[in-house]
Amino acid sequence: MSPQHSAYLWLAQRVTALVLAACVIVHLITMIIAVQGGLTAGEILARTQGSIAWLLFYSVFVVAIVVHAPIGLRNIAREHLRWAKGADIAAVLFGLLLLVLGFRAVWGVFS
Amino acid sequence: MTDLRVSVWRGDESGDQEYFDVPRKENQTILDVVTYIQRNLDPTLSYRYACRVGMCGSCAMSVNGVARWTCRTHVDKVCDTDELELRPLDNFPVVKDLVCDMQTFFNKQKKAGGAFQGSKSRDDGLAIIKPDSKGRMAVDKAIECIGCGVCYASCDIIKWNPDYLGPAALNRAWTLVEDERDTRRVDRLRAVSGDAGCHACHTQMSCTQRCPKLLSPTHSISGLKREVTRAALKGEI
């Protein structure tokens, strides 16, 4: 990997870690508040369906995960499984999987 | 005082621990113990030392599983029982007994751009650098490395990725990146990046914990990560 790409990957992982820290806190607080009156699908959908704010929030959350997690897994695959090019391919594929599953879920609770 | 039961690695990459009984004394260093064995019990034991006062970086070895400089490590400080296990440093090829092959370690310093390249000749005046300037203070914190290899032996990343440049080489590079007289900054930043460079460090800080000179290679590596990233964003590397 070129010096430039290596630096970009490092920066992308750090920046998305910051975003994730904020997103996880909001998500956890929402969960704690949401379960106070019992947890039902209806209650969740009532909050999220048609809400542009929650759509944007969870979209940012998914994008941050899609960038952050595969970079970390790539490092693990390189160091512990000794994968070289295979780690890059596997990380990209895993990122695409997260992207599809993540946005499927986000759209599912919005529409 | 009782005898120390000392187990010493004998062989090269393959070999076994051999046991020796060494009289325990006050103010005895690990290097004293090894020297006693070589001079009184087995003259074929190989180990490396030079200055005996913590300056040359020759005598490091693994003492009860922890990499240490042996000339400045007292037995009393590291040995609660009467048993001592001495092995060559981890992450280095073994030449014989307690002697490691340091070639890769020093080659990595070269690979990381560890050689200073100035723009002035000996006929030019001395560079004036303020002691309290930001760069000089950063260099001060990292400059006393003696190349003992303790940080390299303590680094898990090297175990996982043998190509990783390692804490000493990156620490050296950092002192030059922050040296305002040096002219190879961009080349060096390029040399210390990539999958085997500074970004591979997980900030586990074993190097910083074990450095006998109390340096913080972790801090230096963090500085390199920032500088490499800045250079990448500016399109310099």
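Residues numbered from 1 in each chain as written. Chains lettered and ligands numbered in written order. Predicted model: local features only at pLDDT ≥ 70, side-chain atom pairs only at ≥ 80, totals over all residues. Heavy atoms only, no water.

Q: Looking at this structure, how should I read the interface of chain A and chain B?
A: A common way to state how big an interface is: give the accessible area lost once the parts meet. Listed by partner, the interface residues are 13 residues for chain A and 18 residues for chain B. Between chain A and chain B we count two salt bridges in total. For R78 of chain A, the salt bridge is made with D195 of chain B, and the minimal N-O distance between the two is 3.4 Å. Only helix 1 (3–34) and helix 3 (52–80) of chain A provide two or more residues apiece to the side of chain A that touches chain B. For the side of chain A that touches chain B, the element with the highest residue contribution is helix 1 of chain A, accounting for seven residues. For the side of chain A that touches chain B, the class distribution of residues is six nonpolar, three polar and four charged. (Contact = heavy atoms within 4.5 Å. Salt bridge = Lys/Arg side-chain N within 4 Å of Asp/Glu carboxyl O. Helix = DSSP H or I, 4+ residues; strand = E, 2+ residues; numbered from the N terminus. Nonpolar A, V, L, I, M, F, W, Y, C, P; charged D, E, K, R; others polar.)

Q: Whenever I open this one, the UniProt feature "transmembrane region" (unreviewed entry) in chain A confuses me. Can you help?
A: All names here are of chain A. Per the UniProt record, "transmembrane region" (unreviewed entry) is annotated on residues 15–35, 55–77 and 89–110. A distance of 31 Å separates the end C-alpha atoms of residues 15–35, which is 95% helix and 0% strand. Along residues 89–110, the helical share is 100% and the strand share 0%, with 32 Å between the first and last C-alpha atoms. (UniProt positions renumbered as here; feature names shortened; annotations may be inferred.)

Q: What is the right way to look at the side chain of T48 of chain A in this model?
A: Here T48 of chain A shows up in helix 2 (residues 41–48). When neighbours within four sequence positions are excluded, T48 of chain A is seen to be in contact with W54, V109 and F110 of chain A.

Q: Would you take a moment to explain the domain arrangement of chain B for this structure?
A: Residues and elements named next belong to chain B. Each domain of chain B was delimited in the assignment, giving domain 1 (3–100) and domain 2 (103–233). Its C-alpha centre places domain 1 at a distance of 29 Å from the equivalent point of domain 2. Every contact between the two is made by 13 residues of domain 1 and, on the other side, 15 residues of domain 2. When domain 1 packs against domain 2, the two sides together hide about 1100 Å² of surface, and 64% of this comes from carbon and sulfur. Looking only at domain 1, the three residues that lose the most surface to domain 2 are W69, N91 and F92, adding up to 47% of its buried area. In this assembly, domain 1 and domain 2 are joined by zero salt bridges. Across the domain 1-domain 2 interface, the total number found is three residue pairs in polar contact (both at pLDDT 80 or more). Across the side of domain 1 that touches domain 2, the residue classes tally to eight nonpolar, three polar and two charged. (Domains from an automatic or database assignment. Buried area = accessible area lost by both parts, 1.4 Å probe. Polar contact = N/O pair within 3.5 Å; in protein donor to acceptor, adjacent residues only side chain to side chain.)

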